[in-house]
Amino acid sequence: MTARVFRDAWGVPHLRADGELALAAAQGRMTAYDRAWQLEVERHRAQGTSAAFLGVDELDWDRFVRRARLADTARRCHAALDPVTAEWVGAYVDGVNDGLAAGASRSPQFAAVGLRPGRWEPWTPLAVWLSHHVLFANMPTKLWREHVARRLGERWMTLFAADAPATAGSNGWLLAGDRTAAGAALLAGDPHRFIEDPGVYQQIRLACPEYDVVGLAVPGVPGIAHFGHTGEVAWAITNAMADYQDLYAERLRRRGTAVEAYGPDGWEPAATHTETVEVAGGNPVEVEVIETARGPVVIGGPDDATAISLRHPPRVLAELGFATLPALLRARTVADVDAAVDRWVEPVNVLQAADTSGGLLHRVAGAVPVRHPANRLRVVPAWSAEHAWQGWYAPMPRAEVDGRAVMANARELAAPLGVEFAPPYRADRIRELLDAGGDWTAEAMATIHTDAHLASAGPLIARLARLTGLGPAATALRDRLLGWDRRMAADSRDAAAYALVRAALVRRIAAHEALAPLADPPAYPQVFQRWLALTPRVAHAIEAVLGSGLLPDGVPEALVRAAVEEVADDELPPWGELHRLTPWRALPDADADPVPGLAGDHHCVLSTSSVPGVTHDCLRGPAARYVWDLGDRDRSRWVVPFGACGVPGDAHHHDQTPAWLAGDLLPVTTDWERLTEERDDH
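Conventions adopted
- Residues numbered from 1 in each chain as written.
- Predicted model: local features only at pLDDT ≥ 70, side-chain atom pairs only at ≥ 80, totals over all residues.
- Heavy atoms only, no water.
- Pairing = 2+ DSSP bridges.
- Helix = DSSP H or I, 4+ residues; strand = E, 2+ residues; numbered from the N terminus.
- Patch = residues over 30% accessible without salt bridge, like charges linked within 9 Å, V, L, I, M, F, W, Y side chains within 5 Å.
- Areas by Shrake-Rupley, 256 points an atom, 1.4 Å probe, with all protein chains shown as cover.
- Salt bridge = Lys/Arg side-chain N within 4 Å of Asp/Glu carboxyl O.
- Contact = heavy atoms within 4.5 Å.
- Buried < 20%, exposed > 50% of the residue type's maximum accessible area, 1.4 Å probe, protein only.
- Lys, Arg positive; Asp, Glu negative; His and termini not counted.
- Phe/Tyr/Trp six-rings, centres within 6.5 Å; stacked < 30°, edge-to-face > 60°.
- Lys NZ or Arg CZ within 6 Å of the ring centre and 35° of its normal.
- Axes fitted to C-alpha atoms, helices over the stretch in contact; angles between N-to-C directions.

### Quick word on the pairing of strand β12 (residues 266–277)
Then, in step 1: Where strand β11 (residues 258–263) and β12 come together, five bridges link them in antiparallel fashion. Residue pairing for β12: G263 is matched across the bridge by G266.
Then, in step 2: Between β11 and the antiparallel strand that follows it, β12, lie two residues.
Then, in step 3: As defined by bridge partners, β12 adjoins strand β13 (residues 285–291) across seven bridges and the pair is classed as antiparallel. Across the sheet, T272 pairs through a bridge with I290, a residue of β13.

The following block contains the structure:
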């Protein structure tokens, strides 16, 4: 079987083969050629070996991956795949292995750290998927709530919830044909993730006699899991914010070389072994891996007062839902998509789909266990039988689409499945914008993607309006903010003024003595610490804290007053001078070109997130933007933050950044005659 490689003007690979397996192999081979460094970083991170070439900074991640048994879970899930899916995944892996040497030869990072490309195992794509998503759910937040309950008291345990996701979210919206200019459905949105270079989404086209699909793939994973358009049907997802991971407080003890755990029926044996993590420039580190009947122990051990184990669906079911991936590629209708995602497990998503016959779909997909309500909130005792899982939530929630549907991580369709969701600001704003227009086109969707109105500024602005007795400069600043249009535009000094006041207020709240018990985070592994720091938690729950009664009477007003006075004499730059993209790179690049200033903020539709009170830099934002047009796939649009290629110096490494910054969408080209075939054998 053969495969051919074509490129569009932006270097996006269009792959055409005479069979599904040849196509899967071509996807793996081309991904390795374009993104060898990214693939090898992800493989090592997924198996807990990244410190061996990236150094001690990655040690804590590697230790967590080993203790959480991610690679072993991936092996179990792979062993349980049906033969057809296993063969398809295997073809992709064969392609990766075929292409790694050529890809590594053009990627200078390998020589910089002395790394040679390794070999992917049949289960490696499943491990990469797990590594990407293991911290997507609420495991770290449960550690935070436990910390709050112990230090402040149980009545304050959910104080900082404020319906604010701390990991990843997305926007997505679906317009039925009667709301569009062409009379066919439009599906659009943007996934919000920590921005990485190379990007976490890969624009690609996969074509064979069985199907022809364009979409956004996850490098290292075959198919197009999250955002795709087959010509007849298109689909997209957002994080459902469901709660499907549990943490158990474990009592462990040693009995000679064995370890025992105290469960509902008394002391029982726990599986244990030791692994060694190699560290570049340092000594090897031994990691004791322990697994109880609940799951792998990810915090503490037999020598600690309390250890904590993780229980999550992939480990329990030996299933990730990978059979969904080839089924999506073959889908022709929303019914096909609906049936395919019935098999999905991890992570839990809200999904929307539309087809050329007018079919529309809006539902949740994934596996959520049924268990005691306390399991969703905090660490629960392993020795109590009432906290055992009692089956699976079914059927998953769904809703009819009446003209338009919006998904933005808010407490809506997936509400029965979770605890904390995104505030409604983004979802409400998208609805407002959609309802204000008509005869929508794919090109016009960019006006929604880039909307920078910050409705969440309202409560703080209202507090500013009530302030009296301010000094002249503070009064002028307050009046300026009262007249602000609440748009976080990159050239807006008013937006910068608001952000500076907000940051000053966050720092003052976090420093108040009422919150002092939370100032020092618990001694959990470093990998969890960004969820356990007080200032970021305050930043995403300002109004909840100010209005909770935790602060004494008069203190909220005094803190707001002090924040305004603090900023009053500052020079106000444009928001974009403060708010700059700070992508994660496995190897920090001191010579990287600075990114121009960004518009938006974490509660804008243009969700370019910073951490108020800590940094104005943007760490998380739209990892891609897309519009799927069901009337004509060639009217579809997309863009990513950097480019289609992960090789520094390649013409398509960063060529999409200007369009991404400007909010422009690039054409999806599907006419083979307008593509350029690559003749080189990689």
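### A closer look at a nonpolar patch on the surface
Then, in step 1: There is a patch of nonpolar side chains on the surface, built from V316, L317 and W392 and spanning about 230 Å² of accessible area.
Then, in step 2: By secondary structure assignment, the location of V316 is in helix α9 (residues 313–317).

### Concerning the side chain of E146
Then, in step 1: By secondary structure assignment, the location of E146 is in helix α8 (residues 139–152).
Then, in step 2: Contacts of E146, omitting those with residues within four sequence positions, involve R378 and V379.

### Considerations on the pattern of salt bridges
Then, in step 1: This structure, assessed with the given rule, holds 52 salt bridges.
Then, in step 2: A salt bridge links E275 to R66; the nearest nitrogen and oxygen atoms lie 3.0 Å apart. In this pair, E275 sits in strand β12 while R66 sits in helix α3 (residues 59–68), placing the two residues 209 residues apart along the sequence.
Then, in step 3: Each member of the salt-bridge network shares a partner with another, and the members are R69, D72, R75, R76, E291 and R315.

### Description of the side chain of E196
Then, in step 1: Along the chain, E196 falls in the loop between β4 (186–194) and β5 (202–208).
Then, in step 2: Of the side chains with opposite charge, R193 lies nearest to the buried E196, which makes no salt bridge, at 6.7 Å.
Then, in step 3: If we ignore the near neighbours within four places in the chain, the residues touching E196 are E42, P583, W584 and F642.

### Topic: the packing of aromatic side chains
Describing an aromatic ring pair means giving the distance of the ring centres and the angle of the ring planes.
Then, in step 1: Across all of its chains, the model carries 15 aromatic pairs by this definition.
Then, in step 2: Ring geometry for W61 and F64: centres 5.7 Å apart, planes at 50°, overall tilted. With W61 and F64 both in helix α3, this residue pair falls three residues apart, about one helical turn. For the residue pair W61 and F64, the accessibility class agrees, reading buried in each case.
Then, in step 3: The interplanar angle of 80° and the centroid separation of 5.3 Å between the aromatic rings of W144 and F160 together place this pair among those described as edge-to-face. A residue pair is termed long-range when its members are at least 10 positions apart, and W144 in helix α8 and F160 in the loop between α8 and β3 (169–175) qualify at 16 residues. Take W144 and F160: they sit in the same class, and that class is buried.
Then, in step 4: Every member of this aromatic cluster is reached through a ring pair, and the members are Y201, F227, Y626, W628 and W638.
Then, in step 5: Over the face of the ring belonging to W61 we find R45, whose NZ or CZ atom lies 4.3 Å from the ring centre.
Then, in step 6: Above the plane of the ring of W672 lies R205, whose end atom (NZ or CZ) is 3.9 Å from the centre.

### Considering the sheet that holds strand β6 (residues 211–217)
Then, in step 1: Pairing in this open sheet of nine strands is mixed, and the strands run β17-β16-β8-β7-β6-β5-β2-β1-β25 from one edge to the other. Each of the sheet's edge strands pairs with one partner strand only, and the pair in question is β17 (360–365) and β25 (676–678). On average, each strand axis in the sheet is inclined to that of its neighbour by 20°, with strand direction left out of account.
Then, in step 2: Where strand β7 (residues 227–229) meets strand β8 (residues 233–239), two bridges bridge the pair, whose relative direction is antiparallel. The residue of β8 that forms the bridge with H229 is A234.

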